[in-house]
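Residue-level structure breakdown
Here is what each chain is made of, one letter per residue.
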Amino acid sequence: MNILLLGSGGREHTLAWKLAQSPNLSKLYVAPGNAGTASIAENVAIAGDDFPALKEFALKNAIEMVVVGPEDPLVKGVHDFFLADEKLKNITVIGPEKLAATLEGSKEFAKAFMMRHNIPTAAYQSFTATTLEEGYQFLESLQPPYVLKADGLAAGKGVLILNELAEAKSQLREMLLDAKFGKASTTVVIEEFLDGIESSCFVLTDGTHYKILPQAKDYKRIGEGDTGLNTGGMGAVSPVPFADGEYLQKVEERIVKPTVAGLKKDNIPYQGFIFIGLIKIGDDPKVIEYNVRMGDPETEVVIPRLKNDLVSLFKAVGTGTLDTIDLEIDKRVAATVMTVSGGYPEAYEKGKEISGLEKVSDSLVFHAGTTLKDEAVLTNGGRVIAVTSFGKNISEALDNSYANVEKIDFEGKYYRKDLGFDL
Ligand code: AMP
Ligand code: GLY
């Protein structure tokens, strides 16, 4: 079949790499893709939210499946657009419809969903400009640190964790009255602070059945020892030593099952990945957040460990027959190290030539932010290249990746050298 994959990051290069191995694939297109996807698929210059252009392309190229990488097209309703169109409605779309995508698009919606279905998460209340005073009172009733979340999508910046009550109040005021995060902070969720260790759980569902993919942990802070600003993710490992056995059973019983059942009960159709951000407190899991897509860079370690044919898995999602498939997982550890542009996650330059890619051996190179210019591969984003390796344990996998990261060069290259330090 012909498949169109939407997105342009390391997650999409990894998905493209996996799809390209399938005997069920005829032709793979990536819109818009990057220099990495260009080497294994055909890039097409269409933005994920340009629905009319996607339609024209899909019809002209006999696309039978659309795989959506990032949340943006989902939150904007790309799946709904395909379903509503006579000529497109039989194309399988991997990624939920707009209503389900609200699990990521609105923290308030996600919290209410969890409450309704008894899914463990931090206690919370939400506030708007007209209930600012009540918001202050709620803050006064809590112990620091205070967690304030803009309800809507805020490019990963909408969560504030503050130690001082006065600061929490003034930030709440700025979010609600001064639109600190634009429309995203029209509603603010204030929640109980949870103290624990985080990991990422990925579930693939057809709306009725589900498969739990390998557990992963990403490293979000720019600096070593988990310090400094938040980034999209500086690296990841899979599996996660503390997220297995009895704990993983609790995750499945208390979180995954009620999530999939809750969606069904609420008449929220769901076809695609659910990314459950977990936090382990003592021996018990709670949900920090839902995303309606795979994580990045978690995809770069989860998908390489999956032995199944990804096209077959996605077809089963489309036909509601995921229960007929057993996952086969590589037992080895996978680790990925993200190289980023100097200055990221603040201002950085693009267009730096990347050298040494051909010297990499025994690792997988996934392009995150790159572009082709003539024959040269140039940096084209904050996160540039992820290097994934296998090993018999975390340090062996990381050592392999670090050795290869050393061979890749571009002006301003930075990466964290302490990944896995906490495991
Ligand atoms: P979110 O966008 O909801 O995933 O939040 C971003 C990050 O903020 C999470 O990955 C956590 O590290 C942190 N965080 C969010 N909610 C809480 C909470 N209730 N308690 C402690 N940390 C939190
Ligand atoms: N790595 C976290 C995310 O994809 O949101």
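Let me begin by describing the structure that accompanies this report. (Residues numbered from 1 in each chain as written. Chains lettered and ligands numbered in written order. Predicted model: local features only at pLDDT ≥ 70, side-chain atom pairs only at ≥ 80, totals over all residues. Heavy atoms only, no water.)

**Describing the overall build of the chain**
The number of helices and strands found in the chain is 13 helices and 22 strands. The C-alpha radius of gyration of the chain comes to 21 Å, within 12% of the 22 Å expected for a compact globule of 423 residues. Overall size of the chain, expressed as C-alpha extent along the three principal axes, is 60 × 50 × 45 Å. Taken over 423 residues, the chain has a buried fraction of 56%. Sequence separation of 24 or more characterises 69% of the internal contacts of the chain that already satisfy a separation of 6 or more. Of the roughly 17,500 Å² of accessible surface on the chain, 48% is carried by carbon and sulfur atoms. Taken as two groups, the 45 positive and 60 negative side-chain charges of the chain have centres that lie 2 Å from each other. (Helix = DSSP H or I, 4+ residues; strand = E, 2+ residues; numbered from the N terminus. Rg over C-alpha atoms; globule rule 2.2 N^0.38 Å. Buried < 20%, exposed > 50% of the residue type's maximum accessible area, 1.4 Å probe, protein only. Contact = heavy atoms within 4.5 Å. Areas by Shrake-Rupley, 256 points an atom, 1.4 Å probe, with all protein chains shown as cover. Lys, Arg positive; Asp, Glu negative; His and termini not counted. Charge placed at Lys NZ, Arg CZ, Asp CG, Glu CD.)

**Thoughts on a nonpolar patch on the surface**
Where nonpolar side chains cluster on the molecular surface, the patch consists of Val 159, Ile 161 and Phe 193 and spans about 240 Å² of accessible area. Considering the arrangement of structural elements, one finds Val 159 in strand β8 (residues 159-162). With a relative accessible area of 38%, Val 159 lands in the partly exposed category. (Patch = residues over 30% accessible without salt bridge, like charges linked within 9 Å, V, L, I, M, F, W, Y side chains within 5 Å. Salt bridge = Lys/Arg side-chain N within 4 Å of Asp/Glu carboxyl O.)

**Comments concerning the side chain of Lys 111**
Summarising the element assignment, Lys 111 is placed in helix α7 (residues 107-116). In contact with Lys 111, not counting residues within four places along its chain, are Thr 121, Ala 122, Tyr 124, Val 189 and Glu 191.

**Examining the site of ligand 1**
Around ligand 1 sit 14 residues in total, of which Glu 191, Glu 192, Leu 194, Glu 198 and Glu 289 are the nearest. Considering ligand 1 on its own, with 480 Å² of exposed area, one finds that the protein chains cover 86% of that surface. Within the residue set of the shell around ligand 1, elements represented by two or more residues are β7 (146-150), β8 and β17 (284-291). Per-class residue counts for the shell around ligand 1 are seven nonpolar, no polar and seven charged. (Near = heavy atom within 4 Å. Nonpolar A, V, L, I, M, F, W, Y, C, P; charged D, E, K, R; others polar.)

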